Amino acid sequence: MSLTGRALVIEGLHKSFGKLSVLRGIDLAVAEHEVICLIGASGSGKSTLLRCINLIEPVDAGRIFVEGEEITARGVDVNRIRRRIGIVFQAFNLFPHMSVLDNVTLGPRKALRMRPLEAEERGRTLLRRFGLEEKALDFPDRLSGGQQQRVAIVRALAMEPDLLLLDEVTSALDPELVAEVLNVIRELASGGMTMLIATHEMGFARDIADRVCFLDAGRILEEGPPERIFGAPREERTQQFLRRIVEAGRL
Amino acid sequence: MSASPGRPGGPLDQEGRPGLPGPSGPRRSDGPSALGSTLVALVSTVVFFGVVGWIVVTSPGWPAVQQSFFSGEVLASSFPSIVRSFWVNVQLFLIAEVLILVLGLVVAVFRSLPGPVFFPVRMLTTAYVDIFRAVPGVLVIYILGFGIPGLGLPGIPVEPFFYAVVALTLVYSAYVSEVYRAGIESVHPSQEAAARSLGLSRLQALRHVILPQAVRRVIPPLLNDFIGLQKDTVLVSYIGVVEIFRQSYIKQAGNFNFTPYIVTALVFIAVTIPLARLTDWLIARDKGRQAAGGVR
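Residues numbered from 1 in each chain as written. Chains lettered and ligands numbered in written order. Predicted model: local features only at pLDDT ≥ 70, side-chain atom pairs only at ≥ 80, totals over all residues.

For the rest of this paragraph, the subject is the overall build of chain A. A count of helices and strands for chain A gives nine helices and 10 strands. On C-alpha atoms alone, chain A measures out to a radius of gyration of 18 Å, which is about the 18 Å that the 2.2 N^0.38 rule sets for 251 residues. Across its three principal axes, chain A shows a C-alpha extent of roughly 55 × 45 × 35 Å. Residue burial in chain A is summarised as follows: out of 251 residues, 46% are buried. Residue pairs in contact within chain A that sit at least 24 positions apart in sequence constitute 66% of those at least 6 positions apart. (Helix = DSSP H or I, 4+ residues; strand = E, 2+ residues; numbered from the N terminus. Rg over C-alpha atoms; globule rule 2.2 N^0.38 Å. Buried ≥ 20, exposed ≤ 12 C-beta atoms within 10 Å, placed from the backbone. Contact = placed C-beta atoms within 7 Å.)

The helix and strand inventory of chain B stands at 11 helices and zero strands. The order of α-helices and β-strands along chain B, N terminus first, is α-α-α-α-α-α-α-α-α-α-α. Looking at chain B residue by residue over its 296 residues, the buried ones come to 27%.

Contact residues are listed per partner, giving 18 residues for chain B and 20 residues for chain A. Contributing elements (two or more residues each) for the side of chain B that touches chain A: α7 (189–197) and α8 (202–217) of chain B. A breakdown of the residues in the side of chain B that touches chain A according to their chemical character gives six nonpolar, nine polar and three charged. (Nonpolar A, V, L, I, M, F, W, Y, C, P; charged D, E, K, R; others polar.)

This part covers the sheet that holds strand β4 (residues 61–66) of chain A. All names here are of chain A. As summarised here, the arrangement of the four strands in space is β2-β1-β4-β5, forming an open sheet in which the pairing is antiparallel. Two strands in the sheet have a free side with no partner beyond their single neighbour: β2 (20–31) and β5 (69–70). Here strand β1 (residues 6–17) runs beside β2; their pairing, made up of nine bridges, is antiparallel. Bridging from a neighbouring strand, leucine 8 pairs with valine 30 of β2. (Pairing = 2+ DSSP bridges.)

All names here are of chain A. Contact geometry for helix α3 (residues 100–111) and helix α4 (residues 116–129): axes closest at 9 Å, N-to-C directions at 130 degrees. Comparing the axis directions of α3 and α4 gives the class oblique. Both α3 and α4 take part in a crossing whose hand is right-handed. Along its contact with α3, which presents Leu101, Val104, Thr105, Pro108 and Arg109, the element α4 presents Pro116, Ala119, Glu120, Arg122, Gly123, Leu126 and Leu127. Residues that form the contact of α3 with α4 fall into these classes: seven nonpolar, two polar and three charged. (Axes fitted to C-alpha atoms, helices over the stretch in contact; angles between N-to-C directions. Parallel < 35°, antiparallel > 145°, perpendicular 65-115°, else oblique. Left-handed = near helix turned anticlockwise from the far one by under 90°.)

This part covers the environment of histidine 208 of chain B. Within the secondary structure, histidine 208 of chain B is located in helix α8. Expressed as a C-alpha distance, the spacing of histidine 208 of chain B and phenylalanine 110 of chain B, which sit 98 residues apart in the sequence, is 17 Å.

Now for α3 of chain A. Residue pairs spaced three or four apart in an α-helix point in one direction, given the helix's 3.6 residues per turn. The end-to-end C-alpha separation of α3 of chain A is 18 Å, in line with the 16 Å expected for 12 residues at 1.5 Å each. Most of α3 of chain A is tucked away, with 11 of its 12 residues classed as buried. Among all positions of α3 of chain A, only Val100, Leu101, Asn103, Val104, Thr105, Leu106, Gly107, Pro108, Arg109, Lys110 and Ala111 of chain A are buried. In this structure, the buried side of α3 of chain A is in contact with α2 (78–84), α4 and α5 (145–157) of chain A together with α8 of chain B. A positive phi of about 55 degrees marks arginine 113 of chain A, the residue just after α3 of chain A. (Expected span 1.5 Å × (residues − 1).)

Soluble, globular proteins show a tendency: their nonpolar side chains are buried together. Grouped together as the largest cluster of nonpolar side chains are 127 residues, with contacts concentrated most on Leu38 and Val154 of chain A. In contact with leucine 38 of chain A, other than residues within four places in its own chain, are Lys46, Leu49, Leu196, Ile197, Ala198, Cys213 and Leu215 of chain A. (Core = buried A, V, L, I, M, F, W, Y, C linked by C-beta atoms within 7 Å.)

All names here are of chain A. Bridge analysis of strand β3 (residues 35–39) against strand β9 (residues 211–216) gives four bridges, and the strand direction is parallel. Bridge pairing in β9 links cysteine 37 to valine 212. As judged from the five bridges shared by β9 and strand β10 (residues 219–224), these two strands associate in the antiparallel manner. Considered in β10, the bridge of aspartate 216 is made with arginine 219. Hairpin connection from β9 to β10: two residues lie between these consecutive antiparallel strands, with alanine 217 at a positive phi of about 50 degrees.

Residues and elements named next belong to chain B. Where helix α3 (residues 72–112) contacts helix α9 (residues 219–232), the two axes come as close as 9 Å, and the packing angle between them is 140 degrees. On the basis of the axis angle, α3 is oblique to α9. Crossing handedness for the pair α3 and α9: right-handed. Contacts between α3 and α9 pair Phe93, Ala96 and Glu97 from the former with Phe226, Leu229 and Gln230 from the latter. Taken together, the residues of the contact of α3 with α9 break down into four nonpolar, one polar and one charged.

Bringing the confidence of the model for chain B into the picture now. Taken over all residues, the pLDDT of chain B has a mean of 85, while the share at 70 or more is 86%. The low-confidence segment residues 1–26 of chain B, where pLDDT is below 50, has 21 contacts with residues more than four positions distant or belonging to other chains. (pLDDT = per-residue confidence, 0-100.)

Moving on: the pairing of strand β8 (residues 195–198) of chain A. Sheet faces and side chains relate simply in a regular strand, where the side chains alternate between the two faces. Residues and elements named next belong to chain A. Burial of the side chains of β8 extends over both faces: Met195 and Ile197 are buried on one face and Leu196 and Ala198 on the other. Both β3 and β8 contribute to a ladder of four bridges, which runs parallel. Bridge pairing in β8 links valine 35 to methionine 195.

Once that is clear, we can look at unusual backbone geometry. For alanine 217 of chain A, which is not glycine, the phi torsion reads 50 degrees and is therefore positive. Here alanine 217 of chain A shows up in the loop between β9 and β10. Since 15 C-beta atoms lie within 10 Å of it, alanine 217 of chain A is described here as partly exposed. Here phenylalanine 256 of chain B, not a glycine, exhibits a phi torsion of approximately 50 degrees, which is positive. Structurally, phenylalanine 256 of chain B is set in the loop between α10 (244–255) and α11 (259–294). Among the residues examined, phenylalanine 256 of chain B registers 8 C-beta atoms within 10 Å and is labelled exposed.

What follows is the structure, given as structure tokens:
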């Protein structure tokens, strides 16, 4: 597997929590500007995979490369790596004691040591781009769930990451707020952002993904272009999963 | 109990009380009005304290007690010097409180450091908290106030005020560090994950994300400990600091009269009650804020 020209390469990734084996040999290569959707049942390892890539969870075995650099190597500066990899969480995890603008500029100011004025300008530009300019001085709890999640995306983008990880970012939202967040992600995809998206929104995955990976019991059981995965899945587990999704009216 | 609910004008119940109006009785208004409640509270308070006061002042020993505890003459003569010596307590608790807030935070952060590398730090700070919470404060004051100067080492302070501040700081920092630690642990781990995912170091995450939220949550209990500290400043009288309690003792002994103690009690009440109300207000405000935050 060639490392050059790849935004992200994962080799033989294993992760367990105690006796519970969550990731059991993940291999994945993501090209630059590629959008990958991870689908699969709850507990199949989607979130853990994203958290491992962001080094929030230490990996047990296997290697992860970002832009050719092994980030799982010993002695690597995890703070420097995390600055290059943005992650957005299901529960937003905004900082409740800071204004929207401070949420967005905290990373640039503290981790990138950017001058406050410069960071603020970058933050305001991003907020404007995503229609949140008027919320800049509000506190997160004054915002709707959809707005909060868009702020969380902007917060990740303010670090200008090479790679953006999205962990079920619409799962905690009311149905009518899902679209505004998905539209933001669509815009990022069309802008060429490399993204790894764990999602239960199958219609969205079909629209946006260059490639869909079906995770089952800690492995990537099947991967391919969305038309094939959703149209003609080969694996029985994939077929079962998609049938249940269709029955639930989610596709 | 009684099978049939009482009715207005109905029979007395088993204990001989008139039956209460039941569901079929004449409808009353939903409750007393606000003005009515205030009136009831006022009357019941006046009656209660009136009765208690009457019992006290008609008791056989009252004239003697009044003379020993509530002498206007002694009050007038001791009041200025007692209030003046309270300034020593104010200095004590203000200086100590600043040191306590800093030391308590440092201890709490050290105790929260994860990983095997920091085991010695965690062990030492845990031992410190355990010991200084276990030993009665007055003993710490005695041991430090008499013990350390007693060593006769050159260059170390001999003023009891110095050891009073040190002893109070050590005792209260142990409590306050636990308050801080509870606050730190109340901040959800996802907050640290979010901060670290931006590339902030552990220290930066603590400084900018965890601690601001933790400290805000524990301001009411911190104020509570501050009130405790104010009162415990009288303990340092045992090592010879002439503060309010010592001064009132001197006045009491000089007059063979306990009125100076009543004066001292009133001074503490005057200082503590506003702080207690402030604490209540902060707690109520936090509750309101959380409720507002819960609405989407």
